[in-house]
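Structural overview
If you want the building blocks of each chain, they are given just below.
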Amino acid sequence: MTSSRIRAAAASDLDALIDLEFAAFTADRISRRSWHSLIESLSATIIVAEIGGQVAGSAVLLFNQKTSVARVYSLAVSAPARGQGLGARLLESAIEKAERRGLRFVRLETRVDNMTAQRLFETCGFVPFERTATYYEDGTDALRYQRVLPGIGAAGSLQ
Ligand SMILES: CC(C)(COP(=O)(O)OP(=O)(O)OC[C@H]1O[C@@H](n2cnc3c(N)ncnc32)[C@H](O)[C@@H]1OP(=O)(O)O)[C@@H](O)C(=O)NCCC(=O)NCCS
């Protein structure tokens, strides 16, 4: 069986991250320039899922110093690697990173017609809390989800 692992992204993953994003989304994609900034940013964490040493999935987690919310800005798994739990492992890793920062919420959104993503989010403990009209480039609404973390008091109080 080919081994898989979850790890932090490195600058050398840039091309693989762009290819993955391009294959997973037909619109609303992150540009190469934005990927570059995200990899460098202290307010972002990029998590990668690898199978046999190849990038097969990624999650981008954004932090905002002014709030206790972490946002999963992007989540993608390559088509051949889907259905093996990598999406769930990426989300669990994102949740763990937000918890370690003492944050209270992890939020993310998806298209109202993306049932696979919605099922995955709900399996991972996310609850829908808002529908945002015409959120995506093609006019589709977004369903916004959040997972409430156990919390440790004020954000950052353990840091
Ligand atoms: C949404 C997405 C990230 C899910 O990734 P994934 O790696 O397939 O996710 P998982 O394998 O953890 O879970 C997906 C499904 O596989 C099932 N699954 C999980 N582990 C499994 C396993 N070990 N064996 C078989 N099936 C499994 C899950 O139950 C789920 O099934 P469901 O569709 O019936 O609910 C992926 O489909 C994707 O990249 N889609 C395009 C981009 C996108 O929609 N991103 C998210 C919204 S922005």
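Cut-offs used in this document
Residues numbered from 1 in each chain as written. Predicted model: local features only at pLDDT ≥ 70, side-chain atom pairs only at ≥ 80, totals over all residues. Heavy atoms only, no water. Axes fitted to C-alpha atoms, helices over the stretch in contact; angles between N-to-C directions. Helix = DSSP H or I, 4+ residues; strand = E, 2+ residues; numbered from the N terminus. Parallel < 35°, antiparallel > 145°, perpendicular 65-115°, else oblique. Left-handed = near helix turned anticlockwise from the far one by under 90°. Contact = heavy atoms within 4.5 Å. Nonpolar A, V, L, I, M, F, W, Y, C, P; charged D, E, K, R; others polar. Near = heavy atom within 4 Å. Polar contact = N/O pair within 3.5 Å; in protein donor to acceptor, adjacent residues only side chain to side chain. Areas by Shrake-Rupley, 256 points an atom, 1.4 Å probe, with all protein chains shown as cover. Buried < 20%, exposed > 50% of the residue type's maximum accessible area, 1.4 Å probe, protein only.

The chain appears in an unreviewed UniProt entry as N-acetyltransferase domain-containing protein from Devosia psychrophila.

A word on the packing of helix α1 (residues 14–24) against helix α2 (residues 32–40)
With their axes 10 Å apart at the nearest point, α1 and α2 run at an angle of 130° to one another. Classified by the angle their axes make, α1 and α2 are oblique. As for how α1 packs across α2, the hand of that crossing is right-handed. Here Leu14, Asp15, Leu17, Ile18 and Glu21 of α1 come into contact with α2, specifically with Arg32, Trp35, His36 and Ile39. The residue inventory of the contact of α1 with α2, partitioned by class, reads five nonpolar, one polar and three charged.

Focus: the site of the ligand
With respect to spatial proximity, 19 residues lie near the ligand, and among them Val77, Gly83, Gly85, Asn114 and Arg119 are the closest. A distance of 2.8 Å separates an oxygen atom of the ligand from a polar atom in the backbone of Val77. At 2.7 Å, a side-chain N or O of Asn114 approaches an oxygen atom of the ligand. In isolation the ligand exposes 930 Å². Once the protein is present, 68% of that is buried. At the level of elements, β4 (69–77), α3 (86–100), β5 (105–111) and α4 (115–123) are the ones that each hand at least two residues to the shell around the ligand. The greatest single-element share of the shell around the ligand, amounting to four residues, is contributed by α4. Tallied by class, residues from the shell around the ligand come to nine nonpolar, seven polar and three charged.

A few points about the environment of Ser58
Assignment of secondary structure puts Ser58 in strand β3 (residues 54–63). Judged by its relative accessible area of 1%, Ser58 falls in the buried class. Taking the C-alpha atoms as reference, Ser58 lies 16 Å from Glu109; in sequence the two are 51 residues apart. When near neighbours in sequence (up to four residues on either side) are disregarded, Ser58 contacts Leu17, Leu20, Trp35, Ile47, Val48, Ser74, Leu75, Ala76 and Leu90.

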